[in-house]
Amino acid sequence: MSGLYIHIPFCVRKCLYCDFYSLETMKGPISGRLKAEPEDQNQFLDSLESEFGSAPPEFRPDTVFMGGGTPTELSLSDLRKLMSMIHRMADLSGVTEWTCESNPGTITREKAELLRESGVNRISLGVQSFNQRNLDFLGRIHSPGDVESGFRMLRETGFENINLDIIYGIPGSTASEVEDDIEKIVELGPEHVSCYCLMFEQGTPLTRMLNEGHIRRMADDDELEQYRMIRKLLNKSGYTHYEISNFSVPGMECRHNHLYWGDGEYLGFGPSAHSHWQGIRRGNVRSLKKYINALQSGDSILEFSERLDPEAKARETLVMWLRRLDGVPRNKFAEHTGYDYRDLCSDQIDYFKENGVLEDRDGRLVLTEEGLFVSDAIFSELL
Ligand code: SF4
């Protein structure tokens, strides 16, 4: 299995919590975030086409993921150009899942039809909340009504595989608002739901507001209560919780993300895109200007490139496999990495088991319900 990732670095307006690399296209007051120049989208597509030329001839992806940023922020004609570039860059005959991320407020019927006709068969829609106050807090550009009308339009256009993203742990939000979000999601009936706890990433306006004392984080116990409620309500409604943040109806797990969680190979294109190919991890520069200039002058677009030593690679595999709720089969892990995970970190594993966040289950190492919620802390110890 291998995947193709394409990073589209434009958003109408940067959400206050987001640290993905993208430029704001919205005209208007200086927001403190990076603004796109009028010629950026054209130059980006020309540069992307040139980067596509570096794909190895044997590359035949099984999955495609267009993320960002907001791919559907591109104009209809730019989106058309992008789709034909992708079709020219590799043999796509083996692609079984082709996802495009989108935001309510940027996807029109014309764009949805173009995506569908071009082979996209899965849309991931950033909902985040059905509560206008929470959307305003996050700096989202859309209203709850935009989500519902956008979702219905996508269904009418023929999309039978839709993911909805939501965020919990928003300061000031209540358990009943989260319950309401999940009820609305279940009413819409997407095939897949991703639920993320709000993160305060370095350098974002939300983190600045936190550091300056304008807002306060939600208490850990309240975040945990919201996470538990989401799990309970989605499970009750027929969604399987299969990865820390991801739920799906049976058979509709995201195949592309399995490449990330399962140590698979993928090639990423566009500024800030990452790749894992033939044992090497690499990342492109997080700057559209540097990306364009480097491609024009024949310089490297890489910010880093590394080959992990076998032990570091095995630890990374352990952490990625642990993300799945069915955990890490001890025998399969040893076959895949050449290491028994107990030889890699037995002290940490024992410590986490004693604290009830990891457990052995049928020959597998798995996160407990408590462990799912504190997984980042566990992973940083295991690495
Ligand atoms: S729309 Fe998505 S990628 Fe763009 S700023 Fe908001 S969260 Fe980030």
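Residues numbered from 1 in each chain as written. Predicted model: local features only at pLDDT ≥ 70, side-chain atom pairs only at ≥ 80, totals over all residues. Heavy atoms only, no water.

K.L.:
Would you mind going over the overall build of the protein chain with me for this structure?
P.N.:
Regarding its fold elements, the protein chain presents 15 helices and 17 strands. For 383 residues, the compact-globule estimate of 2.2 N^0.38 gives 21 Å, and the protein chain sits close to it at 21 Å. Principal-axis analysis of the C-alpha atoms places the extent of the protein chain at approximately 55 × 50 × 45 Å. Within the protein chain, the fraction of its 383 residues that count as buried is 54%. Here the contacts in the protein chain between residues at least 6 apart in sequence split such that 67% fall between residues at least 24 apart. When the accessible surface of the protein chain is split by element, carbon and sulfur atoms take 47% of a total near 17,100 Å². (Helix = DSSP H or I, 4+ residues; strand = E, 2+ residues; numbered from the N terminus. Rg over C-alpha atoms; globule rule 2.2 N^0.38 Å. Buried < 20%, exposed > 50% of the residue type's maximum accessible area, 1.4 Å probe, protein only. Contact = heavy atoms within 4.5 Å. Areas by Shrake-Rupley, 256 points an atom, 1.4 Å probe, with all protein chains shown as cover.)

K.L.:
I keep staring at helix 10 (residues 288–297) and nothing clicks. Help me out?
P.N.:
Every α-helical turn comprises 3.6 residues, leaving residues that sit three or four positions apart pointing alike. Within the sequence span of helix 10, burial applies to Leu288, Tyr291, Ile292 and Ala294. Around the axis of helix 10, the buried residues are gathered within 165 degrees of arc, so they sit on the same side. For helix 10, the exposed residues set more than 90 degrees away from the buried face come down to Lys290 and Gln296. Next to the buried residues of helix 10 lie strand 2 (10–11), strand 3 (23–24), helix 1 (40–52) and strand 13 (280–284). (Arc of directions from axis to C-beta.)

K.L.:
Got a minute to help me understand the environment of Arg155 in this structure?
P.N.:
Counting through the fold element by element, Arg155 comes out in helix 5 (residues 144–156). According to the relative accessible area criterion, Arg155 is partly exposed, its value standing at 26%. Each C-alpha atom, one on Arg155 and one on Lys81, is 24 Å from the other, the two residues being 74 residues apart in sequence. Beyond its immediate sequence surroundings of up to four residues, Arg155 is in contact with Glu160, Asn161, Ile162, Gly189, Pro190 and Glu191. Within the structure, Arg155 has its side chain in polar contact with the backbone oxygen of Gly189 (distance 2.9 Å). (Polar contact = N/O pair within 3.5 Å; in protein donor to acceptor, adjacent residues only side chain to side chain.)

K.L.:
Just to check I follow, could you spell out the site of the ligand for this structure?
P.N.:
Neighbouring the ligand are the residues Cys11, Lys14, Cys15, Tyr17, Cys18, Gly68, Gly69, Thr70, Asn103 and Arg140. For the shell around the ligand, the per-class residue count stands at four nonpolar, four polar and two charged. (Near = heavy atom within 4 Å. Nonpolar A, V, L, I, M, F, W, Y, C, P; charged D, E, K, R; others polar.)

K.L.:
Would you explain the pattern of salt bridges in this entry?
P.N.:
Pairs may arise between side chains of opposite charge once their charged atoms sit close together. For the structure on display, the rule yields 22 salt bridges. Where Asp91 meets Arg60, a salt bridge forms, and the shortest distance between an N and an O atom there is 3.0 Å. Note that Asp91 is positioned in the loop between helix 2 (76–89) and strand 5 (97–102) and Arg60 in the loop between helix 1 and strand 4 (63–68), a separation of 31 residues in sequence. A residue is classified by how much of its surface remains accessible, and Arg60, at 46% relative accessible area, is partly exposed. Residue Arg155 is joined to Glu191 by a salt bridge in which the shortest nitrogen-to-oxygen separation is 2.8 Å. (Salt bridge = Lys/Arg side-chain N within 4 Å of Asp/Glu carboxyl O.)

K.L.:
Help me understand the nonpolar core, please; the structure alone is not making it clear to me.
P.N.:
Counting residues in each nonpolar core, the largest one holds 89 residues, and the members touching the most others are Met66 and Leu115. In terms of domain composition, this core takes at least three residues from each of domain 1 (2–260) and domain 2 (310–382). If sequence neighbours within four positions are ignored, Met66 has contacts with Ile6, Pro71, Leu82, Met83, Ile86, Trp98, Thr99, Cys100, Glu101, Leu115 and Val120. One finds Cys15, Leu198, Phe200 and Leu210 within the second-largest nonpolar core, a separate group that totals 12 residues. (Core = buried A, V, L, I, M, F, W, Y, C linked by side-chain atoms within 4.5 Å. Domains from an automatic or database assignment.)

K.L.:
Would you mind showing me how to read the side chain of Asn163 here?
P.N.:
You can see Asn163 is positioned in strand 7 (residues 162–168). Judged by its relative accessible area of 2%, Asn163 is buried. In terms of polar contacts, Asn163 uses its side chain to reach the side chain of Asp165, at 3.1 Å. In this structure, Asn163 is in contact with Arg122, Ile123, Ser124, Leu125, His192, Val193 and Ser194, ignoring residues within four places of it in sequence.

K.L.:
Before we go on, may I ask you to explain the domain arrangement of the protein chain in this structure?
P.N.:
By convention, interface size is frequently given as the accessible area that disappears when the constituent parts associate. Splitting the protein chain by domain gives domain 1 (2–260) and domain 2 (310–382). Taken over C-alpha atoms, the centre of domain 1 sits 29 Å from the centre of domain 2. Facing 16 residues of domain 1, the contacting portion of domain 2 comprises 12 residues. Around 1,200 Å² of area is buried between domain 1 and domain 2 when both sides are counted, 55% of it from carbon and sulfur atoms. Applying the counting criterion to the domain 1 and domain 2 interface returns five salt bridges. Here Arg324 makes a salt bridge to Glu253, at a shortest N to O gap of 3.3 Å. At the boundary of domain 1 with domain 2, the tally comes to seven residue pairs in polar contact (both at pLDDT 80 or more). At the level of secondary structure, the elements contributing two or more residues to the side of domain 1 that touches domain 2 comprise helix 8 (220–236), strand 9 (240–243) and helix 9 (255–261). At six residues, the largest contribution of residues to the side of domain 1 that touches domain 2 is made by helix 8. (Buried area = accessible area lost by both parts, 1.4 Å probe.)

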